[in-house]
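Spelled out, the chains give:
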Amino acid sequence: MVAISLFTLGGTIAMRDEGGGARPALGPAELMAGLDLDPAHVDLTAEAVVNLPSGHLTLDDIYDLARRIRAAIDDGAEAVVVTQGTDTLEETAFALDLLLDVDQPIVITGAMRAASTLGTDGPTNLHAAILTAADPTARGRGVLVVLNDSVHGARGVTKAHTSRVDAFRTRDGGPIGLIAEGRIVWAGALTRSPRLVLPLQARARVPVYTSYLGDDGVALLALAAMDLQGLVVEGFGGGHVPPALGQTLESVAAQVPVVLASRCAEGPVLTQSYGYAGSERDLIARGLIPAGNLAGVKARLALTILLDGGADLERVKAFFAAL
Ligand SMILES: NC(=O)C[C@H](N)C(=O)O
């Protein structure tokens, strides 16, 4: 018998369309109603945290969730399942993976089709997530994301499609496992990141700025004038921006940490290849910190958590250097 704590946050998995588009409707009891679980195998305790579209969640909600998960594990939970909307699911997964240093499986799932939609994937995904959480081979792998019979690691997982049930994929590789005949078949390698302390409160304002062809730097100047505690720049290709942005980025990096990511869907930010104005070498020489192969939103999340936890520039640099 595996004691599993289920935390529900809302999202399409908990939505119905009763006219006017899908909205949150289902609580934990309704989510669990259709599940065909063996009561001798799984002892499920459910807790509704919020019932929101995932774009309404805040980082404080995620810090609160991390504290609830820790408390559940301290109280004897052997595994945890979280349901939430898919739009920001990858950010919750990565944040929890950074914040929770536990061996117990923590599995996040959601759905692409609402409960009122023909062929809804909610019950299948929740069932697969519970099976994964209950599987002893899932221990020690950090936070896992399970949808569409695929298991992804928190660091690489990304929502890559707006509507299909196979919306999720793993950056720089495939899923780390598949679910077949009710069991996990582990496949690809798992990459994790250094653990971070759980801050008391979300405070740091850290926007993501995406550059583009013909960017004249005026919008970046307006952003730089704001009260920022950090900045993530998504350059194009290996981490490049037009030359007009270099001086502004250098000025911002003299005040607060500025992390350089790529707007590409795959691959790491380069560090050695190009030497022209606006290249990755130029930007790193101006004080920007390369994000490795972290997507921009995940680099932002890590930087925000570091700053919320009181990290200084050296600590920020050490985190990104260790990726
Ligand atoms: N499929 C979903 O869950 C999308 C929904 N808009 C959400 O993130 O809450």
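Residues numbered from 1 in each chain as written. Predicted model: local features only at pLDDT ≥ 70, side-chain atom pairs only at ≥ 80, totals over all residues. Heavy atoms only, no water.

Draft legend 1. Just the overall build of the protein chain, in detail. When helices and strands are counted, the protein chain shows nine helices and 16 strands. The C-alpha atoms of the protein chain give a radius of gyration of 20 Å, which matches the 20 Å a tight globule of 323 residues would have. Structurally, the protein chain occupies a C-alpha span of about 65 × 45 × 35 Å along its principal axes. Within the protein chain, the proportion of its 323 residues that are buried is 50%. Here the contacts in the protein chain between residues at least 6 apart in sequence split such that 74% fall between residues at least 24 apart. Counting 25 positive and 36 negative side-chain charges, the protein chain places the averaged centre of each group 4 Å from the other. (Helix = DSSP H or I, 4+ residues; strand = E, 2+ residues; numbered from the N terminus. Rg over C-alpha atoms; globule rule 2.2 N^0.38 Å. Buried < 20%, exposed > 50% of the residue type's maximum accessible area, 1.4 Å probe, protein only. Contact = heavy atoms within 4.5 Å. Lys, Arg positive; Asp, Glu negative; His and termini not counted. Charge placed at Lys NZ, Arg CZ, Asp CG, Glu CD.)

Draft legend 2. Up close: the UniProt feature "binding site: substrate" (unreviewed entry) in the protein chain. As annotated by UniProt and renumbered to match this structure, "binding site: substrate" (unreviewed entry) occupies Ser 54, Thr 86 and Asp 87. Spanning 34 residues, the named residues nonetheless gather at one spot, since no C-alpha pair among them exceeds 6.8 Å. Structurally, the position occupied by Ser 54 is in the loop between β4 (42-52) and α2 (59-74). Not counting residues up to four positions away in its chain, the partners in contact with Ser 54 are Gln 84, Gly 85, Thr 86, Asp 87 and Thr 88. A residue is classified by how much of its surface remains accessible, and Thr 86, at 5% relative accessible area, is buried. Setting aside residues no more than four positions away along its own chain, Thr 86 makes contact with Ser 54, Gly 110, Ala 111, Met 112, Leu 147, Lys 159 and Phe 168. (UniProt positions renumbered as here; feature names shortened; annotations may be inferred.)

Draft legend 3. View of helix α9 (residues 313-321). Every buried residue belonging to α9 is among Val 316, Phe 319 and Phe 320, and all of these are buried. Taken end-on, α9 shows its buried residues confined to a sector of 90°, consistent with a single buried face. The exposed residues of α9 that point more than 90 degrees off its buried face are Glu 314 and Ala 321. On its buried side, α9 packs onto α3 (89-99), β15 (258-262), β16 (289-290) and α8 (296-308). (Arc of directions from axis to C-beta.)

Draft legend 4. Seen up close, the site of the ligand. Neighbouring the ligand are Gly 11, Thr 12, Met 15, Pro 53, Ser 54, Gly 85, Thr 86, Asp 87 and Ala 111. Ser 54 has a polar side-chain atom sitting 2.6 Å from an oxygen atom of the ligand. Contact between the ligand and Ala 111: a nitrogen atom at 2.8 Å from a main-chain N or O atom of the residue. For the ligand, the protein covers 86% of the area, taking 270 Å² as the surface of the free molecule. When grouped by side-chain class, the residues that make up the shell around the ligand number three nonpolar, five polar and one charged. (Near = heavy atom within 4 Å. Polar contact = N/O pair within 3.5 Å; in protein donor to acceptor, adjacent residues only side chain to side chain. Areas by Shrake-Rupley, 256 points an atom, 1.4 Å probe, with all protein chains shown as cover. Nonpolar A, V, L, I, M, F, W, Y, C, P; charged D, E, K, R; others polar.)

Draft legend 5. Molecular detail of the nonpolar core. Ranked by size, the top nonpolar core spans 54 residues in total, and within it Ile 69, Leu 96 and Phe 320 carry the most contacts. No other element matches α2, which puts eight residues into this core. Two domains each donate at least three residues to this core, and these are domain 1 (2-186) and domain 2 (208-321). Excluding residues within four positions of it along the chain, Phe 320 makes contact with Val 259, Ile 289, Pro 290, Ala 291, Leu 294, Ala 299, Ala 302, Leu 303 and Leu 306. If you look at the next biggest cluster of nonpolar residues, it comprises 26 residues, including Ala 14, Leu 31, Val 151 and Ile 184. (Core = buried A, V, L, I, M, F, W, Y, C linked by side-chain atoms within 4.5 Å. Domains from an automatic or database assignment.)

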